Amino acid sequence: MYSELVYPYPLSRELFRRLNQFLSMPSFNETEGFFGSLSSGELATNVWEDDDAFYVEMEVPGIKPEEIDLSIIGTELQIKIARSHEQDSKNVRYLRRERIAGNTVRTITLPMDSTPKELNATIEAGILCVRLRKPEEAKVQKITVSQK
Amino acid sequence: MSLVETKNNTASQTNQEPNTQEKPFRIPPVDISEYENEYLIEADMPGTKEENIDIQFHQGELRIRGVVNTPNEKITKRIDRYRQFETSNYYRAFKIGESVNAAEILAHYANGILTVHLPKAEILKPRKIEISQK
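What you see is a predicted model; the values in this text were computed from it and never measured.

## Overview of the overall build of chain A
1) Next: Within chain A one finds two helices and eight strands.
2) Next: The buried share among the 148 residues of chain A stands at 30%.
3) Next: By sequence separation, contacts in chain A at least 24 residues apart represent 54% of the contacts at least 6 residues apart.
4) Next: Here chain A displays about 10,100 Å² of accessible surface, and carbon together with sulfur accounts for 52% of that area.

## A few points about the overall build of chain B
1) Next: The secondary structure content of chain B amounts to one helix and nine strands.
2) Next: Along the chain direction, N to C, the helices and strands of chain B fall in the order α-β-β-β-β-β-β-β-β-β.
3) Next: The buried share of chain B, reckoned over its 134 residues, is 39%.

## So, the sheet that holds strand 4 (residues 76–81) of chain A
Residues and elements named next belong to chain A.
1) Next: Strand order across the open sheet formed by three strands is 3-4-6, with antiparallel pairing between neighbours. The open sheet has two free edges, formed respectively by strand 3 (68–73) and strand 6 (104–109), since each of these has just one partner strand. Each strand of the sheet is rotated relative to its neighbour by a mean of 15°, with strand direction disregarded.
2) Next: The pairing of strand 3 with strand 4 spans six bridges and is classified as antiparallel. Directly across from Asp69, in strand 4, lies its bridge partner Lys80.

## Here we look at the nonpolar core
Inside soluble globular proteins, nonpolar side chains tend to come together where they are buried.
1) Next: Membership of the largest hydrophobic core comes to 19 residues, with the highest contact counts inside it found for B:Ile41, B:Leu62, B:Phe94, B:Leu114 and B:Leu118.
2) Next: Elements with a contribution of two residues or more to this core: strand 2 (30–34), strand 3 (38–44), strand 5 (61–68), strand 7 (89–95) and strand 9 (113–119) of chain B.
3) Next: Once residues within four sequence positions are removed from consideration, B:Leu114 is found in contact with B:Ile41, B:Glu42, B:Ala43, B:Met45, B:Ile53, B:Ile55, B:Ile64, B:Ala107, B:His108 and B:Tyr109.
4) Next: In terms of nonpolar packing, the next biggest core, distinct from the first, is built from 18 residues, A:Val56, A:Ile68, A:Leu77 and A:Leu132 among them.

## Re the side chain of B:Glu61
Residue and element names in this part refer to chain B.
1) Next: Looking at the element boundaries, Glu61 is found in strand 5.
2) Next: Overall, the relative accessible area of 5% leaves Glu61 in the buried class.
3) Next: At 2.6 Å, the side chain of Glu61 forms a polar contact with the side chain of Arg63.

## Looking at the pairing of strand 4 of chain A
Residues and elements named next belong to chain A.
1) Next: Here strand 3 folds back onto strand 4 in antiparallel fashion, the turn holding two residues, of which Gly74 has a positive phi close to 65°.
2) Next: Looking at chain direction, strand 4 and strand 6 are connected through six bridges and run antiparallel. Within strand 6, the position partnered with Leu77 by the bridge is Ile108.

## Describing the sheet that holds strand 7 of chain B
Residue and element names in this part refer to chain B.
1) Next: Pairing in this open sheet of four strands is mixed, and the strands run 1-7-5-4 from one edge to the other. Each of the sheet's edge strands pairs with one partner strand only, and the pair in question is strand 1 (25–26) and strand 4 (48–58).
2) Next: Pairing of strand 1 with strand 7 involves two bridges; the strand directions are parallel. Its bridge partner being in strand 7, Phe25 is matched across the sheet by Asn89.

## Structural notes on the environment of A:Trp48
All names here are of chain A.
1) Next: One can find Trp48 in strand 1 (residues 45–49).
2) Next: Take Trp48: its relative accessible area is 2%, and that puts it in the buried class.
3) Next: When the C-alpha positions of Trp48 and Arg131 are compared, they lie 9.9 Å apart, and in sequence the two are 83 residues distant.
4) Next: Among the polar contacts listed, one links the side chain of Trp48 to the side chain of Glu57, at a separation of 3.4 Å.

## Topic: the packing of aromatic side chains
1) Next: One pass over the structure, following the stated rule, counts two aromatic pairs over all chains.
2) Next: Here A:Trp48 and A:Tyr55 contribute two aromatic rings whose centre-to-centre distance is 4.1 Å and whose plane-to-plane angle is 15°, an arrangement assigned as stacked.
3) Next: Between the aromatic rings of B:Phe25 and B:Tyr91, the centroid separation amounts to 5.5 Å while the plane-to-plane angle is 85°, which identifies the pairing as edge-to-face. Here B:Phe25, found in strand 1, pairs with B:Tyr91, found in strand 7; they are 66 residues apart in sequence, far enough to count as distant.
4) Next: Judged by relative accessible area, B:Phe25 falls into the partly exposed class, the value being 25%.

How each quantity is defined
- Residues numbered from 1 in each chain as written.
- Chains lettered and ligands numbered in written order.
- Predicted model: local features only at pLDDT ≥ 70, side-chain atom pairs only at ≥ 80, totals over all residues.
- Heavy atoms only, no water.
- Helix = DSSP H or I, 4+ residues; strand = E, 2+ residues; numbered from the N terminus.
- Buried < 20%, exposed > 50% of the residue type's maximum accessible area, 1.4 Å probe, protein only.
- Contact = heavy atoms within 4.5 Å.
- Areas by Shrake-Rupley, 256 points an atom, 1.4 Å probe, with all protein chains shown as cover.
- Pairing = 2+ DSSP bridges.
- Axes fitted to C-alpha atoms, helices over the stretch in contact; angles between N-to-C directions.
- Core = buried A, V, L, I, M, F, W, Y, C linked by side-chain atoms within 4.5 Å.
- Polar contact = N/O pair within 3.5 Å; in protein donor to acceptor, adjacent residues only side chain to side chain.
- Phe/Tyr/Trp six-rings, centres within 6.5 Å; stacked < 30°, edge-to-face > 60°.

Have a look at this one:
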């Protein structure tokens, strides 16, 4: 007990990790406000769906396709970005640095029960778009009503 | 010393709303760096196109505008699950003053990044002064 009081940091870190995980679950319908707020260093992401697929869009300005590593782990989509380091010139003085730098990992829990079928990813004008085709069981089933 | 003061003021910002009739806009994050002969502004503006970017330099103020078209929004069956970025337009303005050579400002857009080169005015460039021998 005592040690926990002295070192509250690991506990709070775990708490924040879980809270972040909870807040980054895309199954929320909340689209604005607190749940949609972005922590610093995080790349902005939109998740949406239509009848056939889920779409994950992420703002990745300046990132080359070879710097992105996408993987599916169960129903989670992991996006790893390893920026190749630009050599800072010695003759430069930075007046303002607001853009995100360094490596980033983002895990998005997909709102479905089974692993998505197909995945394709493209980058256009600095926006990464990942399309994940829904498995048959995740699609909306139309039921026709017959008349007797 | 007064030269240093001028340089610090070059990046002072004036994010005045461009036009009240326009849609809400986003302020793109920027890196501003100073080199021996120029200032460099790099702005993250993903989702726009080269032809939809408008850069103006007027009375010492640099204004950057980027229009974002949203074809995906037209899909009627789209259900948003999670939304962290908006598809609104970009706008940002900087007070630069007379410290740049306005006629030679260059800009290019690639992979969602707008880069603006602002060559320093002759008066700000370092000059080597030769010592003449009598």
